Amino acid sequence: MMKFENTLEFAKKTDKENPLISYRNDFYIPVLNDKETIYFAGNGIGLQPKGVQDYVLDELENWASYGFVGMDSGHNPWVDFYKKFSQRLAPILGALPDEIVVMDQLTANLHFLLASFYRPETGRKKIIIDWKAFPSAVYAIQSQMQMAGVTLEENLIEVDPREDEHYSRSEDIIEAIEKAGNELAMVVLSGVNYYSGHVLDIKSITDAAHKVGAYSGWDLAHAVGNIPMQLHDWNVDFAVWCSYKYLNGGPGAIGGLYVHEKHYSGGKPLPRLAGLFGSDVKAGYQFKEDFIPLKGAAGWQLSMPPVLSLAVLSASLELFESAGFENLVAGGRDLSGYLVFILKGILNSTQAKPFEFVTSLKDENHGCQISINLGPDGKHKLDMLRNNRILITGFADHTVRIAPVPLYNTFEEVFLFGKILEHILIAH
Ligand SMILES: *Cc1c(COP(=O)(O)O)cnc(C)c1O
């Protein structure tokens with residue numbers, strides 16, 4: 001563990017020695033009034049890698065030169081292009097390439113997997129979610145329950161935080177799982193909660209769900225590219241994510257889904273909402289066969305993959321590969337550790353008005369994001385931060401999310417952020 005100091009010299013020296021520091025030059029850093037911002041919102045919309053334009057231009061040229069022939073010509077035949085991404089995401093998700101497919105977007109993918117895994121006619125109707133699960137995930141689950149004629153009141157179970165805490169604890173979720181027992185269909189939980197930044201114990205929760213015969217499903221929007229995971233070894237049944245946050249895939253980027261190998265190797269394929277691109281495309285065009293899903297997660301695809309969105313994502317994943325995901329995880333830990341150190345320093349200084357930590361500060365309980373509540377007047381403080389070129393996102397309850405990321409943020413930025421925040425808290 002790095003020993004931190006609350007000085008500009010320490011921050012600069014640490015940046016200089018940081019092997020990841022050069023990756024910052026591979027990104028466009030947003031500018032306000034001709035000056036670079038301190039962008040701690042990579043958990044909302046990750047920044048644009050400079051390589052994006054080349055990747056996109058390349059596909060535009062392929063389209064111009066080949067027309068439909070591009071489906072199976074050029075260096076990225078479009079019909080297979082998606083496959084590269086399963087390989088590239090495997091170390092980030094801790095899954096087999098076959099278990100991963102990039103497709104559609106998070107909420108759509110959650111609907112598709114609920115259609116396969118949520119079978120209330122078996123008598124298992126209940127679904128457990130975490131407190132402040134993302135609205136989209138909640139809407140997806142609610143609407144699936146409604147379509148199946150399942151009442152929400154008894155069957156959608158939210159695990160509330162303990163008093164004075166702001167996240168569902170893993171052990172409380174496990175208790176809720178044991179209580180629901182054989183009425184539980186599945187858990188659908190946030191690997192990292194978007195509001196609190198809280199990391200759940202995916203492995204222990206998955207074990208507990210399996211013990212009562214339920215599935216373990218995950219919304220990994222804030223987990224993918226942020227925290228290390230072993231979805232395959234942990235036996236997670238299914239998961240979905242978006243690519244525009246830590247993965248820097250661009251606004252509205254193509255998302256992805258994961259299905260554990262055990263659900264497609266042998267036996268009858270799971271029922272699903274099917275489309276041509278989830279099957280052998282060539283056979284389908286010849287109207288030769290009924291729908292036979294492709295092996296693995298790829299068999300959940302419906303439509304032709306959006307080649308331009310894949311091209312955008314290529315640029316960022318190339319940087320993930322070059323940096324090494326393990327190194328990024330370690331770099332992210334050091335940065336968020338420094339942020340916590342700086343924030344605690346502000347709390348301890350007698351002058352500054354206090355704020356409240358929303359995130360649990362144990363290392364294993366958070367990734368890059370630390371959330372704090374700025375208290376009354378928080379909106380004004382957020383505006384002041386923005387006037388000082390600090391870009392972070394916040395909510396109506398005055399909770400703000402601060403997420404320095406290892407690919408393009410620096411210790412110096414964390415230090416400067418601390419100074420500016422302290423100044424604002426003292427002045428107000
Ligand atoms: C950002 C986010 C989403 C976004 O889903 P979309 O389908 O891309 O709108 C879903 N879940 C969580 C937890 C998120 O943070």
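Our subject is the structure listed above.
Residues numbered from 1 in each chain as written. Predicted model: local features only at pLDDT ≥ 70, side-chain atom pairs only at ≥ 80, totals over all residues. Heavy atoms only, no water.

### What to know about the site of the ligand
Consideration 1: Every residue lining the ligand is accounted for by Leu106, Thr107, Phe134, Tyr194, Asp219, Ala221, His222, Tyr244 and Lys245.
Consideration 2: Within the side chain of aspartate 219, a nitrogen or oxygen atom sits 2.7 Å from a nitrogen atom of the ligand.
Consideration 3: Contact distances for the ligand include 2.6 Å between an oxygen atom and a side-chain N or O atom of lysine 245.
Consideration 4: Out of a free accessible area of 390 Å², the ligand has 89% covered by protein chains. (Near = heavy atom within 4 Å. Polar contact = N/O pair within 3.5 Å; in protein donor to acceptor, adjacent residues only side chain to side chain. Areas by Shrake-Rupley, 256 points an atom, 1.4 Å probe, with all protein chains shown as cover.)

### Concerning the pairing of strand β12 (residues 370-373)
Consideration 1: Side chains Ile370 and Ile372 project from β12 onto one buried face, and the interleaved Ser371 and Asn373 project onto a second face that is buried too.
Consideration 2: Looking at chain direction, strand β11 (residues 356-357) and β12 are connected through 2 bridges and run antiparallel. In the sheet register, glutamate 356 faces β12, and the bridge partner there is asparagine 373.
Consideration 3: In the sheet, β12 pairs with strand β15 (residues 399-402) via 4 bridges, with the strands oriented antiparallel. The partner of isoleucine 372 across the bridge, within β15, is valine 400. (Buried < 20%, exposed > 50% of the residue type's maximum accessible area, 1.4 Å probe, protein only. Helix = DSSP H or I, 4+ residues; strand = E, 2+ residues; numbered from the N terminus. Pairing = 2+ DSSP bridges.)

### Description of the packing of aromatic side chains
Centre-to-centre distance and the angle between the planes together describe a pair of aromatic rings.
Consideration 1: Scanning all chains against the criterion turns up 18 aromatic pairs.
Consideration 2: Seen from their ring centres, phenylalanine 4 and tyrosine 338 are 5.3 Å apart, and the 50° between their planes marks the pair as tilted. Taken as a pair, phenylalanine 4 in the segment before α1 (8-17) and tyrosine 338 in helix α11 (residues 325-348) lie far apart in primary sequence, 334 residues in all. Pair check on accessibility: phenylalanine 4 and tyrosine 338 agree, each one buried.
Consideration 3: Here the aromatic rings of phenylalanine 117 and phenylalanine 238 are separated by 4.8 Å at their centres, their planes lie at 25°, and the arrangement is stacked. Linking phenylalanine 117 in helix α4 (residues 106-117) with phenylalanine 238 in strand β9 (residues 238-241), this pair joins segments that are 121 residues apart in sequence. In this pair, the class of phenylalanine 117 matches that of phenylalanine 238, namely buried.
Consideration 4: An aromatic cluster is present here, built from Phe4, Phe10, Tyr338, Phe341 and Phe411 joined pairwise through their rings.
Consideration 5: Above the face of the tyrosine 28 ring, lysine 50 is positioned so that its terminal group lies 5.8 Å from the ring centre.
Consideration 6: Across the ring face of phenylalanine 134, the terminal group of lysine 245 is positioned such that the distance to the ring centre comes to 5.2 Å. (Phe/Tyr/Trp six-rings, centres within 6.5 Å; stacked < 30°, edge-to-face > 60°. Lys NZ or Arg CZ within 6 Å of the ring centre and 35° of its normal.)

### Re the sheet that holds β15
Consideration 1: Across the sheet, 4 strands lie side by side as β11-β12-β15-β14; this open sheet has antiparallel pairing. Whereas interior strands pair on both sides, the edge strands pair on one side only; in this sheet they are β11 and β14 (393-394).

### Overview of unusual backbone geometry
Consideration 1: Positive phi, close to 65°, is recorded for aspartate 34, a residue that is not glycine.
Consideration 2: With respect to the element layout, aspartate 34 can be found in the loop between β1 (31-32) and β2 (35-36).
Consideration 3: Relative accessible area serves as the criterion here: at 76%, aspartate 34 is assigned to the exposed category.
Consideration 4: In this model, aspartate 377 sits at a positive phi of 80°, which is unusual for a non-glycine residue.
Consideration 5: Mapped onto the secondary structure, aspartate 377 falls in the loop between β12 and α12 (378-387).
Consideration 6: On the basis of relative accessibility, which here comes to 41%, the residue aspartate 377 falls in the partly exposed class.

### Some points on the side chain of serine 360
Consideration 1: Looking at the secondary structure, you find serine 360 in the loop between β11 and β12.
Consideration 2: Looking at serine 360, its side chain comes within polar contact range of the side chain of asparagine 365, at 2.7 Å.
Consideration 3: Excluding residues within four positions of it along the chain, serine 360 makes contact with Tyr167, His198, Asn365 and His366. (Contact = heavy atoms within 4.5 Å.)

### Comments concerning the sheet that holds strand β5 (residues 126-130)
Consideration 1: Pairing is mixed in the open sheet, where 7 strands are placed in the order β4-β10-β9-β8-β7-β5-β6. Whereas interior strands pair on both sides, the edge strands pair on one side only; in this sheet they are β4 (100-102) and β6 (156-159). Looking at each pair of strands side by side, their axes are set apart by 15° on average, direction ignored.
Consideration 2: The pairing of strand β7 (residues 184-190) with strand β8 (residues 215-219) spans 5 bridges and is parallel. Bridge pairing in β8 places valine 187 opposite serine 216.
Consideration 3: Packing against the sheet, α4 makes contact with β7, β8, β9 and β10 (256-259), and its axis sits at approximately 165° to β9. (Axes fitted to C-alpha atoms, helices over the stretch in contact; angles between N-to-C directions.)

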